[in-house]
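# Working through the structure, step by step
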Amino acid sequence: MMRAHQPGSQPIDVPETIPNPAIPRTVPNPVPRPSEPIKVPAPQQLTTHLSGVCN
Amino acid sequence: MSYAYRSQDLFSLLQTKAPVTTATLAANFRRNEYGLLSVGLKIHCLDNGEKFKELIEGLGGASRILDVNYFKDARASLCLVLPPVGSATSAIHLIQCIEQYIGSPVLANSQIQLQLCSPGRLSARASALLGIAFYLGSDTLRRYTQADLRTTFESSFNHPRGIRLVLYDAEGDFDRNFTWWNYRGGHEPEFPFASGRTDLLIGPGSRLDIENINLVATLLVHSEYDGYWSGLGQEFRAEMEVILRRHILAGLLDAPWVRQPWAQFGDDDKFFAALQELVAYAYGESTRVKQRRLLQFGMWRNVHARSPNGILEEMQRLLFKYRKAIERQSRLVAQAGESP
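Predicted model, so just to flag it, every value in this text is computed and none were measured.

### Let's talk about the overall build of chain A
Of regular secondary structure, chain A possesses one helix and three strands. For chain A, the sequential pattern of α-helices and β-strands runs β-β-β-α. Residues classed as buried in chain A amount to 5% of the 55 residues present.

Here it is, written out as structure tokens:
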């Protein structure tokens, strides 16, 4: 950013670069958010389960 | 333009991280589009260049790849010369492959200055038109300091290039084996000139910059070397000069935009004054467009400029008109069966 100032006038900031107003800005497509990880139920201890049924 | 490696070696390397884009590029990289010129690229890296380390090592190491070239941006840690490709599309693909390989953007990156190389040395006046068309046609309006344009060849004994936006080559290696459309539309296997380039230091560049420079350089080079687009090139020059006259900027064309062998003391400053005048006019135009929008809508709206007289819009229309003319006419050439 460059500050341009002349006596008797308001100083203005001149940026390094500005977009060319003659070129329409294209809005980029939103980046798809990663899907939520699928929750996999923790494997059950088969022996415990079976033993529970038996009891 | 010296690059001490084979294109195939570069593609093999890029394929490891960008397989799809590299495959497309490798299949088409010398293919010509619409009779436009080939495109060369140099990447000047202003930071420490760490991102390019793996790529450079893969190509044979800095001593083999970088140190053979003395030319670079005066502030750059390295200048990577890429092999020339047949079209702007392939040049953009090549940059995309490199972006994927290094995992960092090359386009629109303030730490990377791009140099775009076009075959054929343009006259002083055509070089001025090329520089002005690039600036006004870019999607970004830039301010420059002379430091932005200093290279290691600024005061070279054999090939002094001064402090300029437009640079001639230093008579190094030149690949002329790209398709050239002659004045009858016939496709020659090589350029009509054995050497010579006109380059532009575009700074942080964009896809549009590459496409625009390729288009304008083609029109200008064909107009000076009697190529197929010579007629369109002459019309383009005339229309651009009318635009500059209408905006009281015709005097910019008399500035030394490229350093000629007969350059005089103070020419660097004369050129830079002309560039600053162009930059100030374009920035002023941008402000006027914003003010018009405010007046028109009573509040800020993010719509593009619709001024019938603004130089920025006129430049866009001119580039669009000639791009479409070339695309349309090149289809007729293909349909007429004049392709080899």
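### Points about the overall build of chain B
Looking only at helices and strands, chain B features 10 helices and eight strands. Expected size for 340 residues packed as a compact globule is a radius of gyration near 20 Å; at 20 Å, chain B falls within 12% of this value. Oriented by its inertia axes, the alpha-carbon framework of chain B measures out at about 55 × 50 × 45 Å. Residues classed as buried in chain B amount to 44% of the 340 residues present. Intrachain contacts of chain B at a sequence separation of at least 6 include 77% that bridge at least 24 residues.

### Things to note about the interface of chain B and chain A
Note: interface size is frequently given as the accessible area lost on complex formation between the parts. Chain B puts 17 residues into the contact, and the matching count from chain A is 12 residues. Here the side of chain B that touches chain A gets four residues from one element, more than from any other, and that element is helix H9 (residues 267–297) of chain B. Its residues placed into classes, the side of chain B that touches chain A shows five nonpolar, seven polar and five charged. Of the pairings in the sheet, the one linking strand S3 (residues 17–19) of chain A to strand S4 (residues 140–142) of chain B comprises three bridges and is antiparallel in character. Bridging from a neighbouring strand, A:Thr17 pairs with B:Arg142 of S4(B).

### Considering helix H1 (residues 7–15) of chain B
Residue and element names in this part refer to chain B. Taken as a whole, H1 has its buried residues at Leu 10, Leu 13 and Leu 14. The buried residues of H1 occupy one face: seen down the axis, they fall within an arc of 95°. Next to the buried residues of H1 lie helix H2 (19–28), helix H3 (53–59), strand S2 (78–85) and helix H5 (88–102).

### Section: the sheet that holds strand S5 (residues 166–168) of chain B
All names here are of chain B. Strand order in this open sheet of five strands is S2-S1-S3-S8-S5, and the pairing throughout is antiparallel. Looking at which strands have only one partner, the edges of the open sheet turn out to be S2 and S5. Strand-to-strand twist in this sheet, taken as the mean axis angle between neighbours without regard to direction, amounts to 25°. Of the pairings in the sheet, the one linking strand S1 (residues 39–45) to S2 comprises six bridges and is antiparallel in character. Each bridged residue has a counterpart across the sheet, and for Cys 45 the counterpart in S2 is Leu 78. Across the sheet, helix H6 (residues 124–137) touches S5 and strand S8 (197–203), and the angle it forms with S8 is around 25°. Lying on the sheet, helix H7 (residues 207–225) is in contact with S1, strand S3 (112–119) and S8; it crosses S3 at an angle near 25°.

### Observations regarding the environment of B:Arg143
Among the structural elements, B:Arg143 can be located in the loop between S4 and S5. Along the primary structure B:Arg143 and B:Ile210 are separated by 67 residues, whereas in three dimensions their C-alpha atoms are 19 Å apart.

### Some thoughts on the confidence of the model for chain B
In the predicted model, chain B carries a mean pLDDT of 90, and 93% of its residues have values of at least 70. Across the predicted assembly, pTM comes out at 0.86 and ipTM at 0.82.

### Structural notes on H2(B)
Residues and elements named next belong to chain B. Listed in full, the buried residues belonging to H2 are Thr 21, Thr 22 and Leu 25. Down the axis, H2 shows its buried residues gathered within 95° of arc, on one side only. Counted as exposed and oriented over 90 degrees from the buried face of H2: Pro 19, Val 20 and Ala 27. Where H2 is buried, its residues touch H1 and H5.

### Observations concerning unusual backbone geometry
Residues and elements named next belong to chain B. Positive phi outside glycine occurs at Ala 108, with the angle close to 55°. For Ala 108, the position within the fold is in the loop between H5 and S3. On the basis of neighbour count, Ala 108 is assigned to the partly exposed category, with 16 C-beta atoms found within 10 Å.

Rules of the game
- Residues numbered from 1 in each chain as written.
- Chains lettered and ligands numbered in written order.
- Predicted model: local features only at pLDDT ≥ 70, side-chain atom pairs only at ≥ 80, totals over all residues.
- Helix = DSSP H or I, 4+ residues; strand = E, 2+ residues; numbered from the N terminus.
- Buried ≥ 20, exposed ≤ 12 C-beta atoms within 10 Å, placed from the backbone.
- Rg over C-alpha atoms; globule rule 2.2 N^0.38 Å.
- Contact = placed C-beta atoms within 7 Å.
- Nonpolar A, V, L, I, M, F, W, Y, C, P; charged D, E, K, R; others polar.
- Pairing = 2+ DSSP bridges.
- Arc of directions from axis to C-beta.
- Axes fitted to C-alpha atoms, helices over the stretch in contact; angles between N-to-C directions.
- pLDDT = per-residue confidence, 0-100.

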